[in-house]
Amino acid sequence: MKTLEEILTVTRSIAWGATDILRSYYRGDNKQNLEVNYKQNEPVTVADTATNNYIVEQLQTAFGSEDFGYISEETYQKQAANSKELVWIIDPLDGTRDFINKTGEYAIHIALVKDKRPILAVVAQPETEKLFYAIKGKGSFVEVRSVTGDNSTEALNVSTRDSLDDLTLVVSRSHRNEKLNHLLKNLPCKNQKVVGSIGGKIAAIVEQKADIYISISGKSAPKDWDLAAPELILSEAGGSFTHFDGTNLSYNTGDINQWGGLIASNGKCHQMLCEEAEKILGQLS
Ligand SMILES: Nc1ncnc2c1ncn2[C@@H]1O[C@H](COP(=O)(O)O)[C@@H](OP(=O)(O)O)[C@H]1O
Ligand SMILES: [Mg+2]
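Procedures and definitions
Residues numbered from 1 in each chain as written. Chains lettered and ligands numbered in written order. Predicted model: local features only at pLDDT ≥ 70, side-chain atom pairs only at ≥ 80, totals over all residues. Heavy atoms only, no water. Helix = DSSP H or I, 4+ residues; strand = E, 2+ residues; numbered from the N terminus. Rg over C-alpha atoms; globule rule 2.2 N^0.38 Å. Buried < 20%, exposed > 50% of the residue type's maximum accessible area, 1.4 Å probe, protein only. Contact = heavy atoms within 4.5 Å. Areas by Shrake-Rupley, 256 points an atom, 1.4 Å probe, with all protein chains shown as cover. Lys, Arg positive; Asp, Glu negative; His and termini not counted. Charge placed at Lys NZ, Arg CZ, Asp CG, Glu CD. Donors = N, O, S within 2.8 Å, 3.2 Å for Na, K, Ca; no water. UniProt positions renumbered as here; feature names shortened; annotations may be inferred. pLDDT = per-residue confidence, 0-100. Near = heavy atom within 4 Å. Polar contact = N/O pair within 3.5 Å; in protein donor to acceptor, adjacent residues only side chain to side chain. Nonpolar A, V, L, I, M, F, W, Y, C, P; charged D, E, K, R; others polar. Domains from an automatic or database assignment. Pairing = 2+ DSSP bridges. Axes fitted to C-alpha atoms, helices over the stretch in contact; angles between N-to-C directions. Core = buried A, V, L, I, M, F, W, Y, C linked by side-chain atoms within 4.5 Å. Buried area = accessible area lost by both parts, 1.4 Å probe. Salt bridge = Lys/Arg side-chain N within 4 Å of Asp/Glu carboxyl O.

### A word on the overall build of the chain
Helix and strand content of the chain: 7 helices and 14 strands. Against the globule reference of 19 Å for 285 residues, the chain gives a C-alpha radius of gyration of 18 Å, in line with a compact fold. Its C-alpha atoms give the chain principal-axis dimensions of about 50 × 45 × 40 Å. A total of 285 residues make up the chain; the buried ones form 54% of that total. The contacts in the chain between residues at least 6 apart in sequence include a share of 64% that link residues at least 24 apart. Put simply, the chain shows about 12700 Å² of open surface, and 46% of that area lies on carbon and sulfur atoms. Across the chain, the centroid of the 30 positively charged side chains sits 3 Å from that of the 38 negatively charged ones.

### Considering the coordination of the magnesium ion (ligand 2)
For the magnesium ion (ligand 2), the full set of protein donor atoms is Glu73 (OE), Asp91 (OD) and Leu93 (O), at a range of 1.9 to 2.3 Å. Sequence spacing among the residues donating to the magnesium ion (ligand 2) works out to E-x17-D-x1-L. Its relative accessible area of 1% is what places Leu93 among the buried residues.

### Quick word on the UniProt feature "binding site: Mg(2+) 1" (unreviewed entry) in the chain
In the UniProt entry, the feature "binding site: Mg(2+) 1" (unreviewed entry) is given for Glu73, Asp91, Asp94 and Asp226. Of the residues just listed, which span 154 residues, no C-alpha pair is farther apart than 9.5 Å, and they cluster in one region. With respect to the secondary-structure elements, Asp94 resides in strand β4 (residues 86-94). Excluding its chain neighbours within four sequence positions, the residues that come into contact with Asp94 are Tyr106, Ala107, His109, Ser197, Ile198, Gly199 and Asp226. A residue is classified by how much of its surface remains accessible, and Asp226, at 12% relative accessible area, is buried. Those residues in contact with Asp226 that lie beyond four places of it in its chain are Asp91, Asp94, His109 and Ile198.

### Remarks on the confidence of the model for the chain
Across the chain, pLDDT averages 95, with 98% of residues at or above 70. ipTM for the predicted complex: 0.97, alongside a pTM of 0.96.

### Considerations on the site of ligand 1
The immediate surroundings of ligand 1 are formed by 18 residues, with Gly95, Ser172, His175, Lys201 and Ser220 found nearest. In this structure, Ser220 approaches ligand 1 through a side-chain N or O atom, which is 2.7 Å from a nitrogen atom. When the free accessible area of ligand 1 is taken as 540 Å², the share hidden by the protein chains comes to 95%. Put simply, the parts of the chain that give the shell around ligand 1 at least two residues each are β4 and α5 (198-206). When the residues that make up the shell around ligand 1 are grouped by side-chain class, the tally is 4 nonpolar, 8 polar and 6 charged. Two domains each put at least three residues into the shell around ligand 1: domain 1 (4-155) and domain 2 (164-284).

### Considerations on the sheet that holds strand β12 (residues 212-216)
The strand order β11-β10-β12-β14-β13 describes an open sheet built from 5 strands, whose pairing is mixed. On the outer flanks of this sheet lie β11 (191-194) and β13 (240-243), each paired with one strand and no other. Adjacent strand axes in the sheet meet at a mean angle of 20° when their direction is disregarded. Contacts between α5 and the sheet are confined to β10 (168-171), β12, β13 and β14 (261-265), with β12 contributing the most and set at about 150° to the helix. Sheet strands touched by helix α7 (residues 270-284): β12, β13 and β14. Its angle to β14, the strand with the most contacts, is close to 150°.

### A look at the nonpolar core
One broad trend across soluble globular proteins is that nonpolar side chains are buried collectively. Among the nonpolar cores identified, the biggest contains 38 residues, and Phe132, Ile202, Ile205, Val206, Tyr213, Leu234 and Phe241 are the most heavily contacted of them. At the level of secondary structure, the elements contributing two or more residues to this core comprise β4, β5 (107-114), β6 (117-125), β7 (130-135), α5, α6 (224-236) and β14. Viewed by domain, this core spans two of them, domain 1 (4-155) and domain 2 (164-284), each represented by three or more residues. Residues within four places of Phe241 in sequence aside, it is in contact with Ile202, Tyr213, Leu227, Glu231, Leu234, Asn248, Leu249, Leu262, Ile263, Ala264 and His270.

### Notes on the domain arrangement of the chain
Examined at the domain level, the chain breaks down into domain 1 (4-155) and domain 2 (164-284). Placing a centre on the C-alpha atoms of domain 1 and another on those of domain 2 gives a separation of 21 Å. Across the boundary between the two partners, domain 1 contributes 44 residues, which contact 33 residues of domain 2. Roughly 2900 Å² is buried in total at the junction of domain 1 and domain 2, and carbon and sulfur atoms are behind 59% of that figure. Contact with domain 2 buries surface across domain 1, with Lys116, Arg117 and Phe132 losing the most and accounting together for 18% of the total. With a closest N to O distance of 2.7 Å, Glu231 and Arg117 form a salt bridge.

In structure tokens form, the structure reads like this:
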């Protein structure tokens, strides 16, 4: 069995390959029409499926199916938890709406999960040519691709901002509901900005451009592939990512949905934020 470092090297290379595929669709180099279909009210394009197939094929070629299971957004069908000890959880295009609407805010997520928790993660942000990566216990890093092929890498640390009023909150542009809007209106953090893709929101926190991300499920919920890779990148950069009650997220549980309220933060006032969120939402019901 390869070491996690060896697995990461291969995964990073696959994520750069996926970056090139998405960038070429984004720029219209692939002449195929970007027809938008809908799966459970979420848009899907040929860019999602082409990148999905590329990532899964490349991972399967590199790691096989004896030791590893595979859960990927575009090929997922409702199923029991995957029984393999190591499971890849893949979102080939996180932020499909933003990809279609050309905000540039979309990402690729690849996570390796063991015992329901992420142990290795890559989040690529094609439009900034950045690739965020982490191994559990080894810190988070960002690699920036340059045209000369001379990539630079930096260790990531969340901000040290620790006063609720000063924290900047990032939130979804397209997944909003009454509860979330009520919470955003009543939290003391008044610096709020919309960012597409969960990978992009977590990238903003680990690059210290923001401090908090909040999500509340409605009729639908974010899925394992939306969260597993960003979660590890954030926690390895010193942040926290939990349910409102402070408990950890679990992946590959048999229910792909992540229901309820989730808070990701720089960790400095995480518990206070969780309590504040529950208090504010308690007033609504
Ligand atoms: N409440 C919710 N219900 C369903 N999906 C959600 C969601 N909140 C976030 N997501 C998913 O998370 C990704 C990023 O969304 P957003 O940009 O709004 O934060 C999108 O996935 P995909 O683009 O991979 O389909 C979106 O479907
Ligand atoms: Mg997707």
